[in-house]
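Read off the chains here:
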Amino acid sequence: TKNSIKDFLFNIYMKSVNIFLCQNNIQKSKLLKVYSSNKIKKIYNPFKNTYNNEIITKRKYVSWVGIFQKQKNMMKLYEIVKKLPNLSFKIAGEVYDNVDLETKQTLEKLKKSSNVEFVGLLNRSDIQNFISHSYCLLNTSFYEGFSNTYLESFSTGTPVVTTLKTDPDMIISKNNLGYTVNSYDELPSAILKTVNNKLDYKHIQNYLNLEHNPELIVNKLNEILKND
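The notes below deal with the structure included here. It should be emphasised that the depicted structure is a prediction, and the values quoted were computed from it without experimental measurement. (Residues numbered from 1 in each chain as written. Predicted model: local features only at pLDDT ≥ 70, side-chain atom pairs only at ≥ 80, totals over all residues. Heavy atoms only, no water.)

## Some points on the pattern of salt bridges
If the charged atoms of two oppositely charged side chains come close together, the side chains can form a pair.
Here's step 1: As enumerated under the stated definition, the model contains 5 salt bridges in all.
Here's step 2: The closest approach of N and O atoms between K76 and E79, which form a salt bridge, is 2.6 Å. Residue K76 and its partner E79 are both found in helix 3 (residues 74-83); the two are separated by 3 residues, about one turn of the helix.
Here's step 3: According to the relative accessible area criterion, K76 is buried, its value standing at 14%.
Here's step 4: For E79, a relative accessible area of 30% puts it in the partly exposed group.
Here's step 5: The shortest N-O distance in the salt bridge between K90 and E117 comes to 3.7 Å. In this pair, K90 sits in strand 4 (residues 89-92) while E117 sits in strand 5 (residues 116-120), placing the two residues 27 residues apart along the sequence. (Salt bridge = Lys/Arg side-chain N within 4 Å of Asp/Glu carboxyl O. Helix = DSSP H or I, 4+ residues; strand = E, 2+ residues; numbered from the N terminus. Buried < 20%, exposed > 50% of the residue type's maximum accessible area, 1.4 Å probe, protein only.)

## A word on the packing of aromatic side chains
Here's step 1: Taken as a whole and assessed by the stated rule, the structure comprises 5 aromatic pairs.
Here's step 2: Ring geometry for W64 and F68: centres 6.0 Å apart, planes at 35°, overall tilted.
Here's step 3: Centroid distance F142 to Y184: 6.4 Å. Interplanar angle 80°. Geometry classified as edge-to-face. Here Y184 lies in the loop between strand 8 (178-181) and helix 8 (187-196) and F142 lies in the loop between strand 6 (134-138) and helix 6 (148-155), a separation of 42 residues in the sequence.
Here's step 4: Given the relative accessible area of 33%, F142 is considered partly exposed.
Here's step 5: Classification of Y184 as buried rests on a relative accessible area of 14%. (Phe/Tyr/Trp six-rings, centres within 6.5 Å; stacked < 30°, edge-to-face > 60°.)

## Considerations on the environment of S155
Here's step 1: In this fold, S155 is placed in helix 6.
Here's step 2: S155 sits 151 residues away from S4 along the chain, and the two C-alpha atoms are 44 Å apart.
Here's step 3: Discounting residues that sit within four places of it in the chain, S155 has contacts with F47, N49, Y51, Q128, Q205 and L208.
Here's step 4: Within the structure, the side chain of S155 is placed 2.9 Å from the side chain of Q128, a separation counted as a polar contact.
Here's step 5: A polar atom in the side chain of S155 sits 2.6 Å from the backbone oxygen of E152. (Contact = heavy atoms within 4.5 Å. Polar contact = N/O pair within 3.5 Å; in protein donor to acceptor, adjacent residues only side chain to side chain.)

## Examining the layout of surface pockets
Here's step 1: Taken as a whole, the largest pocket encloses approximately 200 Å³ of empty space.
Here's step 2: Around the largest pocket, the lining is made up of 19 residues, and of these V65, G66, I67, K72 and T149 lie nearest the centre.
Here's step 3: Residue assignment for the lining of the largest pocket shows that the elements contributing at least two residues are strand 3 (61-65), strand 6 and helix 6. (1 Å grid on protein atoms, 1.4 Å probe; cavity = no way out; pocket = protein on both sides within 12 Å on 5 of 7 lines; lining within 4 Å. Points joined across faces, edges and corners; volume = space filled by probe spheres on them.)

## Here we look at the sheet that holds strand 4
Here's step 1: The sheet built from 6 strands is open, its strands ordered 5-4-3-6-7-8 with parallel pairing. In this open sheet, the two edge strands, each paired with only one partner strand, are strand 5 and strand 8. Each strand of the sheet is rotated relative to its neighbour by a mean of 20°, with strand direction disregarded.
Here's step 2: Bridge count for strand 6 against strand 7 (residues 160-163) is 2 bridges, and the pairing is parallel. From the neighbouring strand, L138 faces strand 7, where its bridge partner is V161.
Here's step 3: With respect to the sheet, helix 3 is in contact with strand 3, strand 4, strand 5 and strand 6, its orientation differing from that of strand 4 by roughly 160°. (Pairing = 2+ DSSP bridges. Axes fitted to C-alpha atoms, helices over the stretch in contact; angles between N-to-C directions.)

## Section: unusual backbone geometry
Here's step 1: Backbone geometry places N73, a non-glycine residue, at a positive phi of 55°.
Here's step 2: Residue position: N73 is located in the loop between strand 3 and helix 3.
Here's step 3: Not every positive phi belongs to a glycine, and M170 is a case in point at roughly 60°.
Here's step 4: Summarising the element assignment, M170 is placed in the loop between strand 7 and helix 7 (171-174).

The structure is reproduced here in structure tokens:
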């Protein structure tokens, strides 16, 4: 069959790889089950910071960014919105082509919520400006790697609030870049923390510029290749 041939060719290709680059410890642990440790290296996502504006100190709302689909867990977003009626939420994104029924129904509920505003699909520069005015970027996904949207948020000094499932290496909590919680039920209180106990916005931006600097990451990659 086509699939078995594809799998066969894929396995041959994988055996010829000299180095596997992964972005977090979960990916690394999965690769270690199949390949030797000397072939596996971890490098964080590179991100060139193009945000040149001043960091906003007076924030107005909670931001949420993503494609409207099942894995984004929009039902949980709706539940959070209802639990925090005194907070404004702004949602950026668009509907996924084959959106499931629950997500469709949840979108309708969100649109009827008085503390929610939909701003549409934004390009990168607009997303940075959008996030820069928010208390935090909220992530409600069921699963996700370390999203580039987090890096866009950090570029503006904005903290991220999410669950352990979407902060694989505990980067957010270990580096004081927002709040990572064990369960979705803890997200509302984590959001309130970002509103009432403002994190150091400049520290968040500095973390990004140092740890995800493309030039430094390229240098690290060159060292890995040189020693291979």
